[in-house]
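Fold and contact review
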Amino acid sequence: MHQQIALLTLVVADYDEAIAFYTQKLNFRLLEDTDLGSGKRWVRVAPRGAAGGAELLLARATSPEQAARVGNQTGGRVALFLYTDNLARDYQQLLSAGVTIVRPPTTEAYGHVLVFADLYGNL
């Protein structure tokens, strides 16, 4: 049996501002933005250069319970891990784009790491 995680849902406050952040600040690709009616959309984004990796499904919060999770979907833990072939280059790009850097690059036992926040505060 072959299985893989295809999509991870990220609850957002607004589709368009989330699309703008992920495509303009993080340079992700907008893979799909389909109107589902009644204000709902199916919005998928993914890092450029990723072939067959997991994608993010940006889902607008539609209830008070969901809205309360925007920006804190993992209780303050790092939500997503993004691999890169050049951390120094990407760090400079994040700084240039005005992305909030929570922890600048460090070297850990498991590799080189930096932590940034998305537009809502998810790490």
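Bear in mind that the values here come from a model prediction, so they are computed numbers and not experimental data.

The next point concerns the confidence of the model for the chain. With 100% of its residues at a pLDDT of at least 70, the chain reaches an overall mean of 95. Element-level pLDDT for the chain is lowest in strand 6 (residues 111-117), with a mean of 95, against a maximum mean of 98 in helix 1 (residues 15-25).

For the rest of this paragraph, the subject is the side chain of Asn122. Structurally, the position occupied by Asn122 is in the segment after strand 6. A distance of 3.4 Å separates a polar atom in the side chain of Asn122 from the backbone nitrogen of Asn72. Contact partners of Asn122, with chain neighbours within four places excluded, come to Leu10, Gly71, Asn72, Gln73, Phe116 and Ala117.

Moving on to the pairing of strand 2 (residues 28-37). For strand 2 and strand 3 (residues 40-47), the ladder comprises 8 bridges, and the chain directions are antiparallel. Counted as the bridge partner of Glu32 is Arg44 from strand 3. Two successive antiparallel strands, strand 2 and strand 3, enclose a turn made up of 2 residues, where Ser38 displays a positive phi of approximately 55 degrees.

Definitions and limits used
Residues numbered from 1 in each chain as written. Predicted model: local features only at pLDDT ≥ 70, side-chain atom pairs only at ≥ 80, totals over all residues. Heavy atoms only, no water. pLDDT = per-residue confidence, 0-100. Helix = DSSP H or I, 4+ residues; strand = E, 2+ residues; numbered from the N terminus. Polar contact = N/O pair within 3.5 Å; in protein donor to acceptor, adjacent residues only side chain to side chain. Contact = heavy atoms within 4.5 Å. Pairing = 2+ DSSP bridges.

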